[in-house]
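Coordinate analysis (summary)
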Amino acid sequence: MRAARPVVESRSRGRGRATPGPLVGPFVHFRGASAQELLRTSKSLSLGFSPSELSRLQEYFQKEGRDPTQVELAGLAQSWSEHCSYKSSRPFLVKHFGSLPPDPRVLARGDAGVMVLNDELAYALRIESHNHPSAVEPYGGAATGIGGILRDVLAMGAKPVALADPLFFGPLDLPLSRLPGGVKHPQYLFANVIAGIRDYGNRVGVPTVAGSITFDPAYTVNPLVNVGCVGVLPRRNLRPNRATAAGQELVLAGGLTGKDGLGGVAFASRELSSKSEKEDRGAVQLGNAIMKEPLVHAVLEAVEAGLVAGMKDLGGGGLASASGELAHAGGLGSEVHLDRVPLRETGMSPWEIWISESQERMLMAVESSNVKELLAIFAKHDVPATVVGRSVRGERERLYFHGELVADLELAFRVDPPPASRSLAAPPPPRHEPSPPFGRDGTEVVERLLLHPDMVSREPVIRVYDHEVQGRTVGKPLVGTLSTPSHADAAVLQVDPPGYLGLAVAVGSQPFLCATDPRRGGQAVVEEAARNLYAVGARRSPSPTASTSATRKTLGSWATSTPSSPAWPKRPGTSAWPSRPVTSASTTEDSGRRSRPRPWSWPRGSCPTYGVA
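The model shown is predicted, which means the values in this text are computed figures rather than measured ones.

1. Things to note about the nonpolar core
Counting 33 residues, the largest nonpolar core has Leu 150, Leu 167 and Phe 169 as its most contacted members. Elements supplying a minimum of two residues to this core: strand 5 (121-129), helix 7 (138-154), strand 6 (159-169), helix 8 (186-204), strand 7 (208-215) and strand 8 (224-234). Residues contacting Phe 169, with those up to four places away along its chain left out, are Leu 189, Phe 190, Val 193, Ile 213, Thr 214, Phe 215, Asp 216, Tyr 219 and Pro 223. Counting 27 residues, the second largest nonpolar core, distinct from the first, contains Ala 322, Leu 332, Val 336 and Val 406.

2. Things to note about the sheet that holds strand 3 (residues 106-109)
Spatially, six strands are ordered 3-4-5-8-6-7 in an open sheet, and the strand pairing comes out mixed. What marks the edges here is a single partner per strand, and that holds for strand 3 and strand 7. Strand-to-strand, the axes of this sheet are offset by a mean angle of 15°, without reference to chain direction. Here strand 4 (residues 113-116) pairs with strand 5 via four bridges, running antiparallel. Pairing of Val 116 across the sheet is with Ala 122, part of strand 5. Against the sheet, helix 7 touches strand 5, strand 6 and strand 8, its axis set at about 30° to strand 8. Across the sheet, helix 8 is in contact with strand 6, strand 7 and strand 8; its angle to strand 6 comes to roughly 180°.

3. Thoughts on the environment of Asp 111
In this structure, Asp 111 sits in the loop between strand 3 and strand 4. Take Asp 111: its relative accessible area is 7%, and that puts it in the buried class. Residues Asp 111 and Val 153 lie 42 residues apart in sequence; the distance between their C-alpha atoms is 6.9 Å. Excluding residues within four positions of it along the chain, Asp 111 makes contact with Arg 126, Asp 152, Ala 155, Met 156, Asn 241, Lys 312 and Asp 313.

4. So, the sheet that holds strand 13 (residues 385-392)
Here we have seven strands laid out as an open sheet, ordered 10-12-9-13-11-14-15, and mixed in their pairing. A strand with exactly one partner marks an edge of an open sheet, and here the two such strands are strand 10 (310-313) and strand 15 (404-410). For this sheet the average axis-to-axis angle between neighbouring strands, irrespective of direction, equals 20°. Here strand 11 (residues 333-337) pairs with strand 14 (residues 396-401) via four bridges, running parallel.

5. Topic: the pairing of strand 19 (residues 491-494)
In strand 19, alternate side chains face the same way, and those of Ala 491 and Leu 493 on one face and Val 492 and Gln 494 on the other are all buried. Both strand 16 (residues 473-475) and strand 19 contribute to a ladder of two bridges, which runs antiparallel. Paired with Thr 473 across the strands is Leu 493, a residue of strand 19. Pairing between strand 19 and strand 20 (residues 502-505): four bridges, direction antiparallel.

Conventions used here
- Residues numbered from 1 in each chain as written.
- Predicted model: local features only at pLDDT ≥ 70, side-chain atom pairs only at ≥ 80, totals over all residues.
- Heavy atoms only, no water.
- Core = buried A, V, L, I, M, F, W, Y, C linked by side-chain atoms within 4.5 Å.
- Buried < 20%, exposed > 50% of the residue type's maximum accessible area, 1.4 Å probe, protein only.
- Helix = DSSP H or I, 4+ residues; strand = E, 2+ residues; numbered from the N terminus.
- Contact = heavy atoms within 4.5 Å.
- Pairing = 2+ DSSP bridges.
- Axes fitted to C-alpha atoms, helices over the stretch in contact; angles between N-to-C directions.

Spelled out as structure tokens, the structure:
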């Protein structure tokens, strides 16, 4: 969003349909505008509406008997963006995944998916991208990508325990003469994206344990910065992403609201251009990992105390998306007082407060009787928390600013746009390049292959991430000897220290196959991730009806050393035995010299590692 330039009216209008009082502007000329005028308004306000969407909006406000306010249009633009609504991909997601039979291991589908670990524990996982912000401001874009994915897992009531980051950049040796105008060089993007992930993840205290890096000219203009997160939670703490009853207070907690990230999702849904650096830098959010760490602790403590009925994180679309989706998912309406939102800057307009994507914020639906205790928890952690609204019966969303009504919309209309229809024409098949000429022994070709960025070790990148924080990472991203480490297929996390329950984490990507054949490429991605997990001994999550106590008894059966089994078994996913000394009972002797421990395997049916792809 940018400052309004079309002609607007600031005077109050009379009552519209179902409006409880005078609606205060500024109003944007819409009802009697021509199609060209509507397109100019959308462009000047950076709304991103298509012609068909503008026509639908005009029809809606004609029925309402009034023009829209600037606040209303700002919220609609965020909710109707591709980033928030999945309006282009939603028909395909419904077609291919909407008819899948229910699986008892799936506990929830929301801001993150939640899966069964055992009768007591579950894990939440989510992966998404932060591409456009990283292309414009790579350090901040990558950092806030990490911050956002942490909040998605936290919104389910889970403690984030691991991060993954598959990254895709243009060629690092790209000549400047071939760099498109307004585009940052891949070397600059690469260095600053890595720095953003490093600084945010390390400071917030969540280990980065998996990922990948790919280089190709296709990612020169728009690098792909994917971020994934896994969290663990007691199943009793699972929370829905919705308000559960009318009359619940909406509590905004976390960082202060500023003017950063205005219209971020509308920007993320547009194509990048040579003007993006200048025009859209304000759409990139500013991360604050130092606030995120106490926010996580405060939210988890409030959830454990049973004070939170449901919650959403304030990511794309800010308060507009979070409050709208929280109420709509519960079949309710909402009232929000924008002047109650704690601000980082003075003089912010209502529409700026409404759609700001300032980071480190959560919105919780809380029963009135629990508000005092909840606010005390956040005060103890020195995290700001404020009641900014409430859920109400009905289907309207009403926003107030210093007692004046500045927005009054049907909530379903605002947060649930119609699907978008886009061309499905297949791209032309890739042109087959001639095979490079081989020399007598192919030395030059082999040398070029070995020196290609896709072939070299990722150790310099992996080493800047803290993969040991929280003390859960028993299968490391790098394995082997200290002098010659190699990449692990998957990392293994200890779920419930000091227990023996493990969680394997891996990522997979097949960008070149997906470009040629998306269907087979998608299958190959799943198969690759599965192979990585199998390589460290992972298996499917158990049936949710399995007895936890019986499982613990089985998993503990190997812990006691006997003369026929090693006292210090080999860690799954490692290619070298631990350096800790082992007893003579678990070694073989050859000419009086100590040799390696005997081969050892998990007892049948008791491997304690579960997989996450």
